[in-house]
Protein chains: 2
Amino acid sequence: MRPNLHWKPDRASSAGLARQVVEHLKGKIARGEWTAGTKIPPQRALAEALGVNRSTIVAALDELTSLGLLEGNRGGGTRVVNTTWGLLTASAPPKWNEYVASGLYESNLHIVQRINQPPPGLIRLGSGELAPSLLPQEQTRRLFERLAERPVPLGYEEPLGNLHLREKLSEWLRVRGVEASPSSILIVSGAIQALQLISLSLLRKGDAVLTETPSYLNSLQVFQSAGMRLRGLPIVNGGLQAEAVAASQRQLKAALLYTNPTFHNPTGATLDARGREALLRVCERERLPVVEDDVYRELWLDAPPPPPIKSMDRQGTVLYLGSLSKTLSPGLRIGWVVGPEPVVGRLADVKMQTDYGASSLSQWAAAEWIGGGLYDKHVATVRGELRGRREEMLSLLREHLSGLASWTVPEGGFYIWLTLAPDVAVDAGRLFDDALRRGVLLNPGFLYDRGDARSLRLSYAYASTEELDRGVRTLRDLLRGR
Amino acid sequence: MRPNLHWKPDRASSAGLARQVVEHLKGKIARGEWTAGTKIPPQRALAEALGVNRSTIVAALDELTSLGLLEGNRGGGTRVVNTTWGLLTASAPPKWNEYVASGLYESNLHIVQRINQPPPGLIRLGSGELAPSLLPQEQTRRLFERLAERPVPLGYEEPLGNLHLREKLSEWLRVRGVEASPSSILIVSGAIQALQLISLSLLRKGDAVLTETPSYLNSLQVFQSAGMRLRGLPIVNGGLQAEAVAASQRQLKAALLYTNPTFHNPTGATLDARGREALLRVCERERLPVVEDDVYRELWLDAPPPPPIKSMDRQGTVLYLGSLSKTLSPGLRIGWVVGPEPVVGRLADVKMQTDYGASSLSQWAAAEWIGGGLYDKHVATVRGELRGRREEMLSLLREHLSGLASWTVPEGGFYIWLTLAPDVAVDAGRLFDDALRRGVLLNPGFLYDRGDARSLRLSYAYASTEELDRGVRTLRDLLRGR
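The structure displayed is predicted, hence computed values, not measured ones.

1. Here we look at the domain arrangement of chain A
Many descriptions give the size of an interface as the accessible area lost when the pieces come together.
Residues and elements named next belong to chain A.
No. 1: We note that the domain assignment places domain 1 (17-102), domain 2 (113-134 + 378-481) and domain 3 (149-373) within chain A.
No. 2: Distance between the C-alpha centres of domain 2 and domain 3: 26 Å.
No. 3: On the domain 3 side, the residues contacting the 24 residues of domain 2 number 22 residues.
No. 4: Together domain 2 and domain 3 conceal approximately 2,200 Å² of surface at their shared face, both sides included; 59% is due to carbon and sulfur atoms.
No. 5: Sorting the residues of domain 2 by area buried against domain 3 places R383, Y415 and Y448 first, and these three jointly supply 26% of that buried surface.
No. 6: Between the two partners, domain 2 and domain 3, sit one salt bridge.
No. 7: Across the pair D302 and R390 runs a salt bridge, and its minimum N-O distance is 2.8 Å.
No. 8: Here domain 2 is connected to domain 3 by 14 residue pairs in polar contact (both at pLDDT 80 or more).

2. Quick word on the interface of chain A and chain B
No. 1: Contacts between chain A and chain B engage 111 residues on the former and 111 residues on the latter.
No. 2: Summing both sides of the interface, chain A and chain B together bury roughly 9,900 Å²; the carbon and sulfur share of this comes to 55%.
No. 3: Here chain A and chain B share two salt bridges between them.
No. 4: A:K28 is paired through a salt bridge with B:E341; the nearest N and O atoms lie 2.5 Å apart.
No. 5: For the side of chain A that touches chain B, the per-class residue count stands at 46 nonpolar, 39 polar and 26 charged.

3. Considering a negative patch on the surface
No. 1: Among the surface-exposed residues, A:E145, A:E149, B:E145 and B:E149 lie close enough to one another that they form a single negatively charged patch.
No. 2: Relative to the helices and strands, B:E145 is located in helix α7 (residues 137-147).

4. Notes on helix α14 (residues 360-371) of chain A
All names here are of chain A.
No. 1: Here α14 is twelve residues long and its end C-alpha atoms lie 16 Å apart, about the 16 Å a rise of 1.5 Å per residue gives.
No. 2: Counting buried residues in α14 gives eleven out of twelve residues, a clear majority hidden from the surface.
No. 3: Taken residue by residue, α14 has S360, L361, S362, Q363, W364, A365, A366, A367, E368, W369 and I370 as its buried positions.
No. 4: Just downstream of α14, G373 is the residue with a positive phi angle, here 85 degrees.

5. Regarding the sheet that holds strand β12 (residues 415-420) of chain B
Residues and elements named next belong to chain B.
No. 1: The antiparallel open sheet is built from four strands, whose spatial order is β11-β12-β15-β14. Both edges of this open sheet fall to β11 (405-407) and β14 (443-444), since each of them pairs with a single strand only.
No. 2: With respect to the sheet, helix α16 (residues 428-437) is in contact with β12, β14 and β15 (455-459), its orientation differing from that of β15 by roughly 45 degrees.

6. A look at the UniProt feature "domain: HTH gntR-type" (unreviewed entry) in chain A
No. 1: In the numbering used here, UniProt assigns the "domain: HTH gntR-type" (unreviewed entry) feature to residues 15-83 of chain A.
No. 2: Helix makes up 51% of residues 15-83 of chain A and strand 9%, whereas the separation of the span's terminal C-alpha atoms amounts to 24 Å.

7. Some points on the pattern of salt bridges
No. 1: Evaluated as defined, the whole model comprises 54 salt bridges over all chains.
No. 2: Its salt-bridge partner being A:E298, residue A:R176 comes within 2.9 Å of it at the nearest N-O pair. Of this pair, A:R176 sits in the loop between α8 (163-175) and β4 (185-188) while A:E298 sits in the loop between β8 (290-293) and β9 (318-323), and the two are 122 residues apart along the sequence. Here the two residues A:R176 and A:E298 agree in accessibility, since each one is buried.
No. 3: Look at the salt bridges and you will find they share partners, linking A:K28, A:R31, A:E33 and B:E341 into a network.

Conventions and cut-offs
- Residues numbered from 1 in each chain as written.
- Chains lettered and ligands numbered in written order.
- Predicted model: local features only at pLDDT ≥ 70, side-chain atom pairs only at ≥ 80, totals over all residues.
- Heavy atoms only, no water.
- Domains from an automatic or database assignment.
- Contact = heavy atoms within 4.5 Å.
- Buried area = accessible area lost by both parts, 1.4 Å probe.
- Salt bridge = Lys/Arg side-chain N within 4 Å of Asp/Glu carboxyl O.
- Polar contact = N/O pair within 3.5 Å; in protein donor to acceptor, adjacent residues only side chain to side chain.
- Nonpolar A, V, L, I, M, F, W, Y, C, P; charged D, E, K, R; others polar.
- Patch = residues over 30% accessible without salt bridge, like charges linked within 9 Å, V, L, I, M, F, W, Y side chains within 5 Å.
- Areas by Shrake-Rupley, 256 points an atom, 1.4 Å probe, with all protein chains shown as cover.
- Lys, Arg positive; Asp, Glu negative; His and termini not counted.
- Charge placed at Lys NZ, Arg CZ, Asp CG, Glu CD.
- Helix = DSSP H or I, 4+ residues; strand = E, 2+ residues; numbered from the N terminus.
- Expected span 1.5 Å × (residues − 1).
- Buried < 20%, exposed > 50% of the residue type's maximum accessible area, 1.4 Å probe, protein only.
- Pairing = 2+ DSSP bridges.
- Axes fitted to C-alpha atoms, helices over the stretch in contact; angles between N-to-C directions.
- UniProt positions renumbered as here; feature names shortened; annotations may be inferred.

Right, here's the structure in full:
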């Protein structure tokens, strides 16, 4: 368990630091926050979190051990073996360890958990989000000034989501070539929730899902947890090849094809219009539903990308996903699914069972952004910033990593896919650990392709220019074995 | 399918109404919003939604049928049988009907779907939410004025949720007898999401869950969809009886006990302090984890309720659920779970897979409400309002339903549990249909206890005083067979 402690001992107190730590940890055990069986954080992590010397922690843990509350094991870990109350009564709490290991949903990979909750101060060289400085603080403030003059949405929304937002989205999507009535749009809490709803609502255990290799899907547990099998096809000429899909589908009989054809996560690749058309026609012929994940579309850097596959959809084959998380604010948790009405209706019904709808506040804010044209203006600014960051990153790579790795050059989005040169001795797993020790958080390629130990997903969206520079230099040193 | 149409024909247009309706529906079919196999809404519902005469709908549907796009069946329903494109090419879309019938998650009961999306204008006599007039519009406006002066949270939050909110909650919970570090609190998108996370993260298919009969849980699919079996025990003296739980547990070996001991949904019952203590001790002895759903606690009307079961928890047996949905704003979608750190950590990890955290905007607003004491002031106002509404409702029941039904008298919360007198001929299902025809939406008791066809859940929280009066009179007429 990672420490999640915010308490600090009082240095002005007459009680010694070790005493205070003992009482604090005893309190956690007495309150059942650390139940019997809980593995406590390593000494070093505890010392850091509480801001005390490791010797203070050792003294405190020794005392708790002598009280019979903790026990060390040979591996060096320490567990809570008894609760304060249990000591008095010889009773035991529920077997939480067994519960925690149960459940349909797998845990996230340990490395994904670390990436989800990076300690402050790390250089995040692969994060799939905009830097805080690119989030529209000032405009949001003005938005809220306007909110203060109007009725605030506080009640439950319709199952499909706030109608005003869906109307605004319908207009906004039309400009992108996607014709969708408000009644065929479902508002979700980010595109990731759309994937969860699809897996819980439309698929059966054992169903195969076709996708790109590498794929963002592989870094999630969402389909795997619900018992689906992911099958990957290589990215050729910017995306999935229609013939490969047709050939694969004859054997596989997949239930769904998931694709991210525009500024692909993690490679940055984009499928051209002809490739999109061919892919859709094959899926139509095979009657294979398509989930088109299009959350990076607005972030084109050179020229607008080809129209969405959804814009060519003549029979309701495509479920189309969009989101504000990559362009405006991840914290809003607002995305959407466009698809046949019975399908989005089914997803909405399961969403009601899941969380009873997305935040009405977030939906209101999203409608204000999208409806008034503010959003398009903001994204134009972000594009300018990202353009500069991409150039910076590519120039750093050329300067420092030539000969050590090769990489893709994206036309939009956040990502560069970097592959180590054959003669570089380290693999991506080692690199992750070593980089972390030097303060750099990497996204290793095996998160997106389990069989690939030689790649990294880089992002120019999150870290500052200065951090990008330090991060790439660190990477260079590690690849050179320094 | 219920119509979810917002388009209306243009009465000023020179194109006839039927022509416009034909083109509109053809558009929906051409865009794949209504795919082949889609059952279209009944004529009456379509006419109402589009604001035209039924004869216009009949004419339009006839034309679409003659085009080969629609087909009526003997049951009177009409389906889309072909897409515009399919007619040209003899191709067919994915078999969405089969997909929609797949998935781990069951659909909500049809009646629950109707309750989730009530048509405007109905008197909602059982809705489990505050009337819009009780939501704090004005205070929220002022809150946003303050937000406009400060940095706005737009980024992703920690997996457990915004730290500032968890700190404020920790202080707020202490006053209620619940000692919880911020690290043992998980922010969720409403208490319903906590139940979903528990079912996906901690339980196994086939596990039994003990609860009250009737129980709010029975109106949800959340445990059932994940393959758990619900087992109910009667409510005696305000709640679950310790001895009954012990006896049942010897045979059942349930994995979890779910209880709502304070102003119970749907009966309004409250378990006294002694009963709580006894119940917890039995669960401790049986090592049976308890989920204590305490979302109505603040809404006491006569005197504060006994302290939470969680306040007596000495070993981390209890997962404690709270929420702002019943007291402040359902639309915020903010609730919390308090429990052992490894358990809330596991729930947080699955939440990251589900929706990547709750809206940061909503979390920010929740922290402002709870931290500054504003929330407690608001809830005091709501209590005053609900007190008046409860008296009003009870006096209406006495005046109109004496002899026709009996009912509970709640000490807090929203609900009155009404049971029909033995000589009343209608059952709750008939009553639901008949009341709906007269503009009154009821929550039949069988939603909460599948075996109970003679009860209703009434709520004095949602409908206006005038609506309560009309609603109860309508109920009286129906019970008298008028």
